[in-house]
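The primary structure of each chain is shown beneath.
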Amino acid sequence: MLILLPPSEGKADAGTGRRWAPDRVSLPELNPARERVLDALVALCAGPDEEAARAALGLSDGQRGELRRNARLREAATAPAGRLYTGVLYEALDLASLPAAAQRAARRSIMISSGLWGAVRLADRIPPYRCPIGARLPGVGALSAYWRRELTPMLDTAAGKGPVLDLRSGAYAATWTPRGPLAERTVTVRVLHEREVDGVPVRSVVSHFNKATKGRLVRDLLVAGARPRTADELVGTLGELKHTVVEQTTAPGRVRQVDLVVTDL
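The structure displayed is predicted, hence computed values, not measured ones.

For the rest of this paragraph, the subject is unusual backbone geometry. The backbone of L27 shows a phi angle near 50°, a positive value even though the residue is not glycine. Here K242, not a glycine, exhibits a phi torsion of approximately 75°, which is positive.

Here's what the structure looks like:
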């Protein structure tokens, strides 16, 4: 099973290991594409037009320090991606507290989308950075379109023959869209909060708790040692783990969509 996660805006303040090296990360076929984005980002942030750089990255006036951090990315200390991302989803997943077998499964199955790196695995060492997928970089263009071209063949291969649990959000999901038979074994999840209004159950989409719920969902699968071989088995496993799952009707050749209904936030 391949589990696709979004990155998080929250990251560790600093790495603790040696600088980034392309020969020590997974998916080495992406390294030329990574180098182009890294060069463009460093040049933009080290350049004289600070306002243009902030606008390109969607940074506020109070986030000018992110430009200085990005300008030094090639010299910066690194940390494993599994420790670098510290947002709500990763807090709920709590990789460090997983049993040893579950940690090994996480390293095998989880892949994280990134505006800078394209995609990384948990053990890949990367420096803290700020490069949202919605950015446009000089010489590279819109990162979403750039990574769609580069990632499609890589993720088609990385998906293997098993199910794919795609928990990416927004523009990150647009960087790879599975097609045909691969789409049919790909499952996406929408989190809905169910509450009573005047005695009638009402379901609504949640935002902040969507991330926490997805983190707990992945944790449950890893701790249970789940190894589904098909999308049907994956959806069934979610139910066995006491998650309330409602599958939406989808056409053949399309990604499977399920609603995960929660009553407590």
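Here the narrative resumes.
On to the packing of helix α1 (residues 31-46) against helix α7 (residues 143-158), then. Running from N to C, α1 and α7 point in directions that differ by 165°, and their axes come no closer than 10 Å. Looking at the two axes, α1 sits roughly antiparallel to α7. Between α1 and α7 lies a crossing whose hand is right-handed. Contacts between α1 and α7 involve A33, R34, R36 and V37 from the first element and L143, Y146, W147 and E150 from the second.

Ranked by internal contacts, the top residues of the largest apolar core, which has 76 residues, are L5, I110 and L137. At eight residues, α1 tops the list of elements feeding residues into this core. Not counting residues within four places of it along the chain, the set of residues in contact with L137 comprises V37, A40, L41, L44, L57, C131 and L143.

Here we take up the layout of surface pockets. The calculated volume of the largest pocket comes to roughly 450 Å³. In terms of lining residues, the largest pocket is bounded by 26 residues, among which P7, S8, E9, Y172 and K211 are the most central. Mapped onto the lining of the largest pocket, the elements with two or more residues apiece are α5 (88-93) and α10 (208-223).

What follows is about the pairing of strand β4 (residues 110-114). By the criterion of burial, β4 is predominantly enclosed, with five of the five residues buried. Where burial is concerned, the two faces of β4 agree: the one with I110, I112 and S114 and the one with M111 and S113 are both buried. One ladder, built from three bridges, connects strand β1 (residues 2-5) with β4; its direction is parallel. The residue bridging L4 from the neighbouring strand is M111, located in β4. Pairing geometry for β4 and strand β5 (residues 118-121), over four bridges, is antiparallel.

Going through the model one piece at a time under the given rule, you end up with five aromatic pairs. With a centroid separation of 6.5 Å and an interplanar angle of 90°, the aromatic rings of Y85 and Y129 are classed as edge-to-face. In this pair, Y85 is assigned in the loop between α4 (81-84) and α5 and Y129 in the loop between β6 (125-126) and β7 (136-137), connecting sequence segments 44 residues apart. Residue Y85 is classed as buried on the basis of its relative accessible area, which comes to 2%.

Once that is clear, we can look at the pattern of salt bridges. Applying the stated criterion across every chain yields a total of 15 salt bridges. R74 is the salt-bridge partner of E35, the closest N and O atoms lying 2.4 Å from each other. Highlighted residues: E35 in helix α1 and R74 in the loop between α3 (64-71) and β3 (77-80), separated in sequence by 39 residues. The class for E35 is partly exposed, based on a relative accessible area of 22%. Residue R74 is classed as partly exposed on the basis of its relative accessible area of 28%. Put simply, R64 and E50 hold a salt bridge, and the shortest N to O gap is 1.7 Å. Residue R64 is located in helix α3, and its partner E50 is located in helix α2 (residues 50-57); the two are separated by 14 residues in the primary sequence.

The strands making up a sheet associate through backbone hydrogen bonding, with each pair oriented either parallel or antiparallel. The strand order β2-β3-β6 describes an open sheet built from three strands, whose pairing is antiparallel. Unpaired on one side and paired on the other, β2 (17-19) and β6 mark the two borders of the sheet. Where β2 lies against β3, two bridges are found, and the strand directions are antiparallel. In the strand pairing of β3, G17 is matched with T78.

So, on to the packing of α2 against α3. Running from N to C, α2 and α3 point in directions that differ by 95°, and their axes come no closer than 10 Å. As summarised for this structure, α2 and α3 are arranged roughly perpendicular, according to the angle between their axes. Two secondary-structure elements touch here, α2 through E50, E51, A53, R54 and L57 and α3 through R64, L67 and N70. Here the contact of α2 with α3 is built from residues that sort into three nonpolar, one polar and four charged.

Cut-offs applied
For every chain, the first residue of its written sequence is number 1, and the numbers climb from 1 along that sequence. Whole-chain, interface and lining totals are the exception, using all residues; otherwise, since this is a predicted model, local features are given only for residues with pLDDT of at least 70 and side-chain atom pairs are given and counted only at 80 or more. Just so you know, side-chain values use all the structure's heavy atoms and leave hydrogens and water out. With axes taken as lines fitted to C-alpha atoms, and helix axes fitted only over the stretch in contact, angles between N-to-C directions fall between 0 and 180 degrees. For the purposes of this entry, the term helix denotes a DSSP run of H or I that reaches at least four residues, the term strand denotes a run of E that reaches at least two, and both are numbered from the N terminus. Our angle categories are set so that under 35 degrees counts as roughly parallel, over 145 as roughly antiparallel, 65 to 115 as roughly perpendicular, and the remainder as oblique. Crossing handedness is defined as follows: a turn of the near helix away from the far one that is anticlockwise and smaller than a right angle gives a left-handed crossing, while the clockwise case is right-handed. Two residues qualify as a contact provided that any one of their heavy atoms is within 4.5 Å of a heavy atom in the partner residue. Here, nonpolar core means buried Ala, Val, Leu, Ile, Met, Phe, Trp, Tyr and Cys residues that are tied together by side-chain atoms lying within 4.5 Å of each other. Note on exposure labels: buried denotes an accessible area under 20% of the residue type's maximum, exposed denotes more than 50%, and partly exposed covers the range between, all computed with a 1.4 Å probe on protein chains only. Points on a 1 Å grid over protein atoms alone make up a cavity when a 1.4 Å probe fits among them but cannot get out, and a pocket when they form an open set with protein on both sides within 12 Å along at least five of seven lines; lining residues each have an atom within 4 Å of a point. Grid points are joined across faces, edges and corners, and a volume is the space filled by probe spheres set on the points. Between any two strands, pairing holds if DSSP finds at least two bridges. When two rings of Phe, Tyr or Trp (its six-membered ring) have centres within 6.5 Å they constitute a pair, described as stacked for plane angles under 30 degrees, edge-to-face for angles over 60, and tilted for the intermediate range. Basic side-chain nitrogens of Lys or Arg form a salt bridge, by our definition, when they fall within 4 Å of a carboxyl oxygen of Asp or Glu. Gly falls in the polar group here, along with every residue not listed as nonpolar (Ala, Val, Leu, Ile, Met, Phe, Trp, Tyr, Cys, Pro) or charged (Asp, Glu, Lys, Arg).

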